[in-house]
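Single-letter residue listing:
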Amino acid sequence: MRHLLLCACLSIFLGTYGNRVQELPRLSVAGTQLMNEKGDTVVLHGVSYGWHQFWPRFYNASSVEYLTKNWNVQVFRAAMGIDLDSACYVYQPEFGIECVTKVADAAIENDAYVIIDWHSHHLRLEEAKEFFTQMATRYKGVPNVIYELYNEPVDDSWDDLKAYFVELIKTIRAIEPDAVILLGCPRWDQDIHLAADDPITGYNNIMYTLHFYANTHGQWLRDRADYALSKGLPIFVSECAGMEATGDGLLNPEEWQKWVDWMHRHSISWVAWSLSDKDETCSMLYPSAASGGNWKDEDMKEWGHMVRGELLKNK
């Protein structure tokens, strides 16, 4: 029954992009770098939507268009919450698909990239296989789409994660042979050195995610990431912010700038967390912000201003 519901939900959308003219270059991974079809290094900068079940009001085409044109967002991350509450994906899959595809479709229409993010802290292989089968089918051949297979593992071993990732990579590659796939690492995507010492082999166009919060994660994590890069591991920072790892507390602009400089130096793409209006430092907006954009200065928190300012530097 669950499978039939998902199929019915997606049947409304399937086939939309099969004949669409490709506006963006297809991405690939060479060494540690993200590349375009000409072999040039590509560095993407963007924002992540908050958990879809808590802030669905921002998951719409208008906000995507506004962020593309007014914030210079090049890549969006649609963070589909998997298993946290009654509105999450495992209980309301059709709602999760609706939110994610609204953002993904709008990103494609606005010539931006989009990360479809399985936003979970727990292994759920069968549900993930079912979801990514349908997403890969829907967006087969569309160069804008990137797949993130596991947001932030917490207690899972790297051996368990490898087995999970290989199954999902096989699932996606059976349908979509070329899309870039992002893989998480143990302990909230900080133990990237474990992946560097024992990477997944036999598959192309995969990268490993590193997450940082600048007022918690400092030089020690950059050193760990430098080690991973020295071992040839391609890194994509799919979530980052300037405050503490809780998402709250004080911003640390100095340490944030060190991270920005480090990512620039290594040509690493990054996505800032998060487009939401919770009473916390990392939520970029206040509740006064309209759902579809056109935000005034007073609608944006300090973190929102910092992120927008950094994005506009890349115009």
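For the structure, check the block above.
Residues numbered from 1 in each chain as written. Predicted model: local features only at pLDDT ≥ 70, side-chain atom pairs only at ≥ 80, totals over all residues. Heavy atoms only, no water.

K.L.:
Please set out the nonpolar core residue by residue, giving values where relevant.
P.N.:
Grouped together as the largest cluster of nonpolar side chains are 95 residues, with contacts concentrated most on W71, F76, Y147, L149, Y208, W295 and W303. Tallying contributions element by element places helix α3 (residues 93-109) first for this core, with eight residues. Setting aside residues no more than four positions away along its own chain, Y208 makes contact with W158, L183, C185, I192, A195, P199, I200, L233, P234, I235 and F236. L24, Y113, L182 and V271 belong to the second largest nonpolar core, which has 15 residues in total. (Core = buried A, V, L, I, M, F, W, Y, C linked by side-chain atoms within 4.5 Å. Buried < 20%, exposed > 50% of the residue type's maximum accessible area, 1.4 Å probe, protein only. Helix = DSSP H or I, 4+ residues; strand = E, 2+ residues; numbered from the N terminus. Contact = heavy atoms within 4.5 Å.)

K.L.:
Kindly report on empty space enclosed by the protein, identifying the contributing residues and their values.
P.N.:
One simple way to see leftover space: roll a probe sized like a water molecule over the atoms. Enumeration over the complete set of coordinates arrives at one cavity of 30 Å³ or more. A volume near 50 Å³ is recorded for the largest cavity. Around the largest cavity sit R26, L27, P143, V145, I146, D178, A179 and V180, which together line it. Of the residues in the lining of the largest cavity, the class split is six nonpolar, no polar and two charged. (1 Å grid on protein atoms, 1.4 Å probe; cavity = no way out; pocket = protein on both sides within 12 Å on 5 of 7 lines; lining within 4 Å. Points joined across faces, edges and corners; volume = space filled by probe spheres on them. Nonpolar A, V, L, I, M, F, W, Y, C, P; charged D, E, K, R; others polar.)

K.L.:
Outline the pattern of salt bridges, supporting the account with residue identities and numerical values.
P.N.:
Inspection of every chain in the model, using the stated rule, returns 17 salt bridges. With a shortest N-O distance of 2.7 Å, R57 and D277 are connected by a salt bridge. Taken together, the positions of R57 in the loop between β3 (45-49) and α2 (61-70) and D277 in the loop between β10 (270-275) and α10 (302-312) put the pair 220 residues apart, joining distant regions of the chain. Here R124 and E127 are joined by a salt bridge, their closest N and O atoms 3.1 Å apart. By relative accessible area, which is 25% here, R124 ends up partly exposed. Look at E127 and you get partly exposed, because its relative accessible area is 21%. Each of R77, D117, E148 and E239 takes part in one network of salt bridges that share partners. (Salt bridge = Lys/Arg side-chain N within 4 Å of Asp/Glu carboxyl O.)

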